[in-house]
Amino acid sequence: MNSCYNEIMNKLKIPKLLQEIPDAPKRLYIAGEFPYQEDTIFLTVIGSRKFTPYGKSVVEKIIGGLKGYPFVIISGLALGIDAIAHRTALKNNLTTIAVPGSGLDESVLYPASHRNLAREIIQSGGCLISELEPKTKAAPWTFPQRNRIMAGLAHAVIVIEAENKSGTRITARLATEYNRDVFAVPGSIFSKSSEGCNELIREGAIPLTSAKDILEHFGFTREQQKQEQIPLSNEEEKILEFLRSEAKSKSALARELDMPIFKLNTIISSLEIKGLVDESLGKVRIKN
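The rules behind these values
- Residues numbered from 1 in each chain as written.
- Predicted model: local features only at pLDDT ≥ 70, side-chain atom pairs only at ≥ 80, totals over all residues.
- Heavy atoms only, no water.
- Helix = DSSP H or I, 4+ residues; strand = E, 2+ residues; numbered from the N terminus.
- Rg over C-alpha atoms; globule rule 2.2 N^0.38 Å.
- Buried < 20%, exposed > 50% of the residue type's maximum accessible area, 1.4 Å probe, protein only.
- Contact = heavy atoms within 4.5 Å.
- Areas by Shrake-Rupley, 256 points an atom, 1.4 Å probe, with all protein chains shown as cover.
- Lys, Arg positive; Asp, Glu negative; His and termini not counted.
- Charge placed at Lys NZ, Arg CZ, Asp CG, Glu CD.
- Phe/Tyr/Trp six-rings, centres within 6.5 Å; stacked < 30°, edge-to-face > 60°.
- Lys NZ or Arg CZ within 6 Å of the ring centre and 35° of its normal.
- Salt bridge = Lys/Arg side-chain N within 4 Å of Asp/Glu carboxyl O.

**Q** Describe the overall build of the chain, naming the residues involved and giving the relevant values.
**A** Helix and strand content of the chain: 11 helices and 11 strands. A compact globule built from 288 residues would reach a C-alpha radius of gyration of about 19 Å, and the chain, at 20 Å, matches this within 12%. With respect to the three principal axes, the spread of C-alpha positions in the chain is 60 × 40 × 35 Å. The buried share of the chain, taken over its 288 residues, is 50%. When contacts within the chain are restricted to residue pairs at least 6 apart in sequence, long-range pairs at least 24 apart make up 71% of them. About 14400 Å² of surface is accessible on the chain, with carbon and sulfur atoms providing 51% of the total. Side chains of the chain carry 37 positive and 34 negative charges; the gap between the two charge centres is 3 Å.

Below, the structure written as C-alpha cells:
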C-alpha cells in the first residue's frame, strides 16, 4: 500500500466540502480512489474505542439500513466503533473512507493491526486520506488535526457512543462549527458510554434511532434504493416465507419451523442487519 499514495496538490481536487472549512488543508495524500460523484452523501461515523455491545449493534443496524443508497461512510480506522463502521460499510457494499491519525505509509499506518482493513478498503473502491506527510507517526497532536478532516469531509456526523470528555465530542463540536448536521444515538442514562450522546441531544443534536431517520433527513424514499439481490441462506428464505402472510412471535416461528430458539434468534438477527425484518410488540415482521 505504501507505493500507491498520491499527493493531491490541486485545490480543485480537494473535496468541495473540505474546502469550505476555515482551516482547510492545503494538500492531501490519498491511497485509493476518492468518490467525487455529485450525488454522494458523506457520513462520518464516530464513537468510542471502548465500545459496548449496544454500540456495535447500532452501527451494524444503521449502516446496514443504508445499503443501496448513495452514502459514503467515513471514519478514523481506529479500534472500536471506527473499525466496526468501516467493516459494516464494506459488508453492505458501501464505499468507505478512512482518515487515520498517521501518515499513509504502511510502515507507520496506525493502528498497525488495521493494515489489512486499510487494504480491504482500498481494494473495495474506497480510500485512505491524510494531510500528514506519508511517514508521519501517530502522536497526540495528529488526532485532533485529523478530526477536523473527518468533520469537514462530511455532510453529517453520526455519534454512536461517547463519554462526555472525549475526542468524539471534539469532532462533534467541530462538525457544529462547520455547519454540519450532527446525529447522536441516545443511550441509557446509566451508561458512561452514552453520556456524551445524551448531552449532544440535549444541546440540539438530532436523535438517531434507525437508518430511516437518516434517509428521511436527506429526502430519500424506499423506491430510490438501488435494487440489489441480497444473498440469503435457505433458512433465512424459509423464515421470510413464513412471515409473508403475517407477523409472528418467535415462539410461533420456532414451532412452525421446528427450530431451536437460539438458532432462530441468530437467523432473525442476521435478517435484521440485512434490513429485511424488524421486531416490535413481541412479533417479527417483514419490513415494508
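Back to the write-up after that little detour.
**Q** Account for the packing of aromatic side chains, with residues named and values stated.
**A** Taken as a whole and assessed by the stated rule, the structure comprises 6 aromatic pairs. Ring plane angle 70° and centroid distance 6.0 Å describe the contact between F71 and F218, whose orientation is recorded as edge-to-face. With F71 in strand β4 (residues 71-75) and F218 in the loop between α8 (211-217) and α9 (234-243), the pair connects residues that are 147 residues apart, well separated along the chain. For F71, a relative accessible area of 2% corresponds to the buried category. Of the aromatic side chains, those joined through ring pairs into one cluster are Y69, F71, F218 and F220. Directly above the aromatic system of F143 lies the positively charged group of R49, at a separation of 5.7 Å from the ring centroid.

**Q** Outline the pattern of salt bridges, listing residues and values.
**A** In the structure shown here, the tally under the stated rule is 15 salt bridges. The residue E133 makes a salt bridge to R27 at a minimum N-O spacing of 2.0 Å. Placement of the pair is E133 in the loop between β6 (127-130) and α5 (142-153) and R27 in the loop between α1 (16-19) and β2 (28-32), with a sequence separation of 106 residues. Its relative accessible area of 31% is what places R27 among the partly exposed residues. With a shortest N-O distance of 2.8 Å, R173 and E177 are connected by a salt bridge. Note that R173 and E177 are positioned in helix α6 (residues 167-177) at a spacing of 4 residues, about one turn of the helix. Classification of R173 as partly exposed rests on a relative accessible area of 43%.

**Q** So what's going on with the environment of T168? Residues and values would help.
**A** Looking at where T168 falls in the secondary structure, it is placed in helix α6. Residue classification places T168 among the buried residues on the basis of a relative accessible area of 11%. With near-sequence residues (within four places) excluded, T168 lies in contact with I46, G47, S48, V159, E161 and A162.

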